[in-house]
Amino acid sequence: MKVRPLPPFVVNKIYAGEVIQSPSSVVKELIENSIDAGATSIAVFVRGSGLSFIKVVDNGEGISKEDLPNVIKKNWSSKIRTLEDLERISTMGFRGEALHSIASVSRMHIRSSTDGVEGYEIYVEGGNLMDMRPCACGKGTTVIVEDLFFNVPVRRRFLSSSRSESTRIKNTWLNYVLSHENIEFHLRSSNKIQHYRARETLDERIEDIYGVKEKRELKEEDLTITLYHINGKAQKIFVNRRPVVDSRITEILGRYDIKNYVLFIEVPPALIDVNVHPQKLQVRFSRSLKFYDRLSRFIRGRKTIIRMEENLFTRRDEKDSTGKKEEGVFDWKEYIVVPSKTKILFVHRQRALKKILESDIVSRKRLPSITLPVPMPIKFRINESDRSLLKTYGFDIVELDKATVLKGIPEIMEGATPEEVLEVLSAFSDRKGPFDLKKFVNRLLSIASRHYRMNSRTIVEKLFSMENPALTSEGEVIIYELPAEKIEEKFM
Ligand SMILES: Nc1ncnc2c1ncn2[C@@H]1O[C@H](COP(=O)(O)OP(=O)(O)O)[C@@H](O)[C@H]1O
Ligand SMILES: [Mg+2]
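Note that the structure is a prediction, hence the values are computed from the model and not measured.

Caption draft 1: Highlighting the packing of helix 11 (residues 349–362) against helix 14 (residues 437–451). Direction vectors running N to C along helix 11 and helix 14 enclose 125°, while the axes themselves pass 8 Å from each other. It follows from the interaxial angle that helix 11 and helix 14 lie oblique. In this structure, helix 11 crosses over helix 14, and the sense of that crossing is right-handed. On helix 14, the residues touching Q350, L353, K354, L357, E358 and I361 of helix 11 are V441, N442, L445, S446, A448, S449 and R450. Tallied by class, residues from the contact of helix 11 with helix 14 come to six nonpolar, four polar and three charged.

Caption draft 2: Molecular detail of the domain arrangement of the protein. Along its sequence, the protein is organised into domain 1 (8–196), domain 2 (202–300) and domain 3 (301–492). Summarising the inter-unit geometry, the C-alpha centres of domain 1 and domain 2 are found 26 Å apart. Broken down residue by residue, the surface that domain 1 buries against domain 2 is led by R95, L178 and E181, which jointly contribute 29%. Counting across the domain 1 and domain 2 interface gives one salt bridge. In this structure, the connection of domain 1 to domain 2 is made through 10 residue pairs in polar contact (both at pLDDT 80 or more). For the side of domain 1 that touches domain 2, the secondary-structure elements that each account for two or more residues are helix 1 (8–19), helix 2 (23–36), helix 6 (162–179) and strand 7 (184–189). Here the side of domain 1 that touches domain 2 takes seven residues from helix 6, the largest share from any one element. Class assignment of the residues belonging to the side of domain 1 that touches domain 2 gives a composition of 11 nonpolar, seven polar and nine charged.

Caption draft 3: Molecular detail of the site of ligand 1. If you check the shell around ligand 1, you find 19 residues, and the closest are N33, S77, S78, K79 and G96. Within the side chain of D58, one N or O atom sits 2.9 Å away from a nitrogen atom of ligand 1. Residue A98 places a main-chain N or O atom 3.3 Å away from an oxygen atom belonging to ligand 1. Taking 530 Å² as the accessible area of ligand 1 by itself, protein coverage stands at 94%. Going through the elements one at a time, helix 2 and helix 4 (98–104) are the ones with two or more residues in the shell around ligand 1.

Caption draft 4: Geometry of the nonpolar core. I31, I42, V44, I110, V145, W173 and V262 are the most contacted members of the largest nonpolar core, which totals 54 residues. If one sorts the elements of this core by residue count, helix 6 sits on top with six residues. Per-domain counts for this core show at least three residues from each of domain 1 (8–196) and domain 2 (202–300). If we skip the residues at most four places from it in the chain, V44 touches V27, I31, K55, V56, W173, H186, L187 and R188. With 28 residues, the next largest nonpolar core counts V239, I272, V283 and F291 among its residues.

Caption draft 5: Geometry of the packing of helix 6 against helix 7 (residues 202–209). The N-to-C vectors of helix 6 and helix 7 enclose an angle of 145°; their axes lie 8 Å apart at closest approach. Facing L174, V177 and L178 of helix 6, the residues of helix 7 in contact are L202, R205, I206 and I209. Partitioning the contact of helix 6 with helix 7 into residue classes produces six nonpolar, no polar and one charged.

Caption draft 6: Focus on helix 15 (residues 456–464). When we look at burial in helix 15, the residues that qualify are S456, R457, I459, V460, L463 and F464. In a view along the axis of helix 15, the buried residues occupy a sector of 160°, so they form one face of it. Among the residues of helix 15, the N-terminal cap falls to N455, whose side-chain oxygen and the backbone nitrogen of R457 are separated by 3.0 Å.

Caption draft 7: Representation of the packing of aromatic side chains within the structure. Counted under the stated rule, the structure contains 13 aromatic pairs. Residues W173 and F185 carry aromatic rings whose centres are separated by 6.4 Å and whose planes lie at 85° to one another, so their mutual orientation is edge-to-face. Here F185 lies in strand 7 and W173 lies in helix 6, a separation of 12 residues in the sequence. Centre to centre, the rings of F238 and F264 are 4.9 Å apart; their planes meet at 15°, and the pair counts as stacked. With F238 in strand 11 (residues 235–239) and F264 in strand 13 (residues 261–266), this pair connects stretches of sequence that are 26 residues apart. One aromatic cluster is present, built from ring pairs that chain together W332, Y335, F346 and Y480. Above the plane of the ring of F150 lies R107, whose end atom (NZ or CZ) is 4.1 Å from the centre. The ring of Y292 is capped by R248, whose NZ or CZ atom sits 3.8 Å from the centre of that ring.

Caption draft 8: Quick look at the state of the cysteines. The tally for this structure, following the rule as stated, stands at zero disulfides. Take C135: it sits in no disulfide, and the sulfur closest to it among the cysteines is that of C137, at 3.1 Å. On the basis of relative accessible area, C135 is assigned to the buried category, the value being 16%. Among the residues examined, C137 registers a relative accessible area of 18% and is labelled buried.

Conventions and cut-offs
- Residues numbered from 1 in each chain as written.
- Chains lettered and ligands numbered in written order.
- Predicted model: local features only at pLDDT ≥ 70, side-chain atom pairs only at ≥ 80, totals over all residues.
- Heavy atoms only, no water.
- Axes fitted to C-alpha atoms, helices over the stretch in contact; angles between N-to-C directions.
- Helix = DSSP H or I, 4+ residues; strand = E, 2+ residues; numbered from the N terminus.
- Parallel < 35°, antiparallel > 145°, perpendicular 65-115°, else oblique.
- Left-handed = near helix turned anticlockwise from the far one by under 90°.
- Contact = heavy atoms within 4.5 Å.
- Nonpolar A, V, L, I, M, F, W, Y, C, P; charged D, E, K, R; others polar.
- Domains from an automatic or database assignment.
- Buried area = accessible area lost by both parts, 1.4 Å probe.
- Salt bridge = Lys/Arg side-chain N within 4 Å of Asp/Glu carboxyl O.
- Polar contact = N/O pair within 3.5 Å; in protein donor to acceptor, adjacent residues only side chain to side chain.
- Near = heavy atom within 4 Å.
- Areas by Shrake-Rupley, 256 points an atom, 1.4 Å probe, with all protein chains shown as cover.
- Core = buried A, V, L, I, M, F, W, Y, C linked by side-chain atoms within 4.5 Å.
- Buried < 20%, exposed > 50% of the residue type's maximum accessible area, 1.4 Å probe, protein only.
- Arc of directions from axis to C-beta.
- Phe/Tyr/Trp six-rings, centres within 6.5 Å; stacked < 30°, edge-to-face > 60°.
- Lys NZ or Arg CZ within 6 Å of the ring centre and 35° of its normal.
- Disulfide = S-S within 2.5 Å.

Structure below.
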């Protein structure tokens, strides 16, 4: 058989099928465009299952007269200019396919004005621009999609029932309501009207929709996780405010019996790839982020935190008479002192750190290493298999003709003295019998915890999110508790 290029109208329909699978995908793409246009109000109107009629109205920046005929062209977009843009995408859309795809499989009107004075309307049928004329319209854009898949009968036949499609549309709409609290949203579908007014905070928006039982947050430089346990029945996951499906996340939450939730994950755009799924329903996290490990650790910490929160942190959100937030944690000698309503805790700083570092390294495959400014000679030889083991702990050792040289040490040991480094490595010096890994790791952690810098509040929070905060794995005491009664007794 002879190969030949597929005719363009066939190609267009194939591609359209990837992006636009049902009326709810039209709703998704149009809402995303309105968000990208900076709209503060978005209204969606749907008839029945949406096959015959969908309309999305926004008050965003609008489309100029020159651009209007181009927005339906394949891969025409205003959002990406350079390859760097693609690597740090901050808009919902970026491929310039949605309007083109929708246009190819429907009859579509777009009305738009950039200033609320002059406006234009185009009419497109099965991808062909049929008409363009001035129209009276306010600032913003209105897109009307009629007779979806009129020219793709196969797709029409495979669509699910009208009822389940309108549920899907509502769900899609709700995803954006949940994740864009500053925007006012309307939905009118099968004569039901729903409306959410613009809110200042995400907390208020989630409260409006489901009611929040509890909120937990992790805030780190390159990762923020906000988990809402909700009263309603829903499982929603957002990455940089983009609704996603991620079976590994679902599995992790399931493992800890978290059933109804809204989860927001915020990461620097350069550390995720959103361009891995035609409808952008999946993202890929950069490996350096170690995202899933950190998520499970965060979730795992929950039971203890909640229990502790009742007594330890009750004062955290209370304000004193001057309106300042109580900090409540301070350093004294080698301890962190944590006062609460019912007791004062003394936390042994170095041991707490050791425990935190320990739990951190067990979840890692290898420890990051820092290069020493000047390589350090070592007096004894270290065999090859030991060297590769040491490498996983962040020690970079090379064996030269006559000498053994240390070029890098674990990042967590930054600040250690040469003697301390040798002390850790001495486990390998006169090694004859089996190697005591536990002892080696313990030494490594003891020394790392002398130098590792972490602020006291973070130490306390991390410690209390662990299973057994009171003792190190070696059984050393980390916390001493002084109950209020004990103190009060003295004043009787
Ligand atoms: N509601 C809207 N308001 C303003 N401009 C829009 C709107 N919808 C689409 N556009 C313009 O049309 C272009 C093409 O849209 P689309 O096909 O969804 O591609 P993408 O969103 O990937 O850029 C966008 O880049 C944008 O410039
Ligand atoms: Mg788009």
